[in-house]
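Here is what each chain is made of, one letter per residue.
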Amino acid sequence: MCMNFDTGRNPTDEEIREAERILKQRPIKQKDHPSAVAANHKKLSHINTYGDLPNFYLDQPFTCRQCGKREIWKAKDQKWYYEEAKGHIDARAVECHACRKAKKSSNSD
Ligand SMILES: [Zn+2]
């Protein structure tokens, strides 16, 4: 098994640029991108949407609303969030790993 701790926590500028570039491409090109992860619609049955379910996930660069750090919400983490954690389809990553962790530990006090 390949141990790859590619969490999107400390992306290089190049990774962010590539993620932004591929998000602007047509779906036909996006699905063949190395970062694309296929969606399992059976696991998305909790989502009531009049729109289309995604066929795949792509790495999503975002800026932390707390500290302004640039991170990438990895496609595989989105798959976990929507399909295993049953997250809302419109939910997006808004805070970086460090800010989420800080919040979690202050909540548990
Ligand atoms: Zn942050």
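Residues numbered from 1 in each chain as written. Predicted model: local features only at pLDDT ≥ 70, side-chain atom pairs only at ≥ 80, totals over all residues.

## Details of the overall build of the chain
For the chain, the count of helices and strands is four helices and four strands. Taken from N to C terminus, the helices and strands of the chain fall in the order α-α-β-β-β-β-α-α. Judged by the C-alpha coordinates and their principal axes, the chain covers about 45 × 35 × 35 Å. (Helix = DSSP H or I, 4+ residues; strand = E, 2+ residues; numbered from the N terminus.)

## Overview of the UniProt feature "domain: Probable zinc-binding" (unreviewed entry) in the chain
In this structure's numbering, the residues bearing the UniProt feature "domain: Probable zinc-binding" (unreviewed entry) are residues 59–107. In this annotation, residues 59–107 is assigned 43% helix and 16% strand; the end-to-end C-alpha distance for the span is 29 Å. (UniProt positions renumbered as here; feature names shortened; annotations may be inferred.)

## A few points about helix 3 (residues 75–84)
Every buried residue of helix 3 is listed here: A75, Q78 and Y82. Mapping the buried residues of helix 3 onto a view down its axis gives an arc of 55°, with all of them on the same face. Buried residues belonging to helix 3 abut strand 1 (37–38), strand 2 (56–57) and strand 4 (70–73). Positive phi shows up at K86, right after helix 3, with a value of about 55°. (Buried ≥ 20, exposed ≤ 12 C-beta atoms within 10 Å, placed from the backbone. Arc of directions from axis to C-beta. Contact = placed C-beta atoms within 7 Å.)

## Quick word on unusual backbone geometry
Peptide bonds are mostly trans, and most non-glycine residues show a negative phi. Unlike most non-glycine residues, K86 shows phi in positive territory, near 55°. Its location among the elements puts K86 in the loop between helix 3 and helix 4 (97–107).

## Some thoughts on the environment of P61
Within the secondary structure, P61 sits in strand 3 (residues 60–63). The class for P61 is partly exposed, based on 18 C-beta atoms found within 10 Å. In the structure, P61 is positioned 47 residues away from E14 in sequence and 12 Å away in space, judged by C-alpha atoms. If we skip the residues at most four places from it in the chain, P61 touches I16, A19, E20, R70 and I72.

## Concerning the pairing of strand 4
Sheet topology note: the strand 3/strand 4 ladder contains four bridges and is antiparallel. When the sheet's bridge partners are listed, Q60 is paired in strand 4 with W73. A loop of six residues connects strand 3 with strand 4, the two strands running antiparallel in sequence, and G68 in this loop sits at a positive phi of about 80°. (Pairing = 2+ DSSP bridges.)

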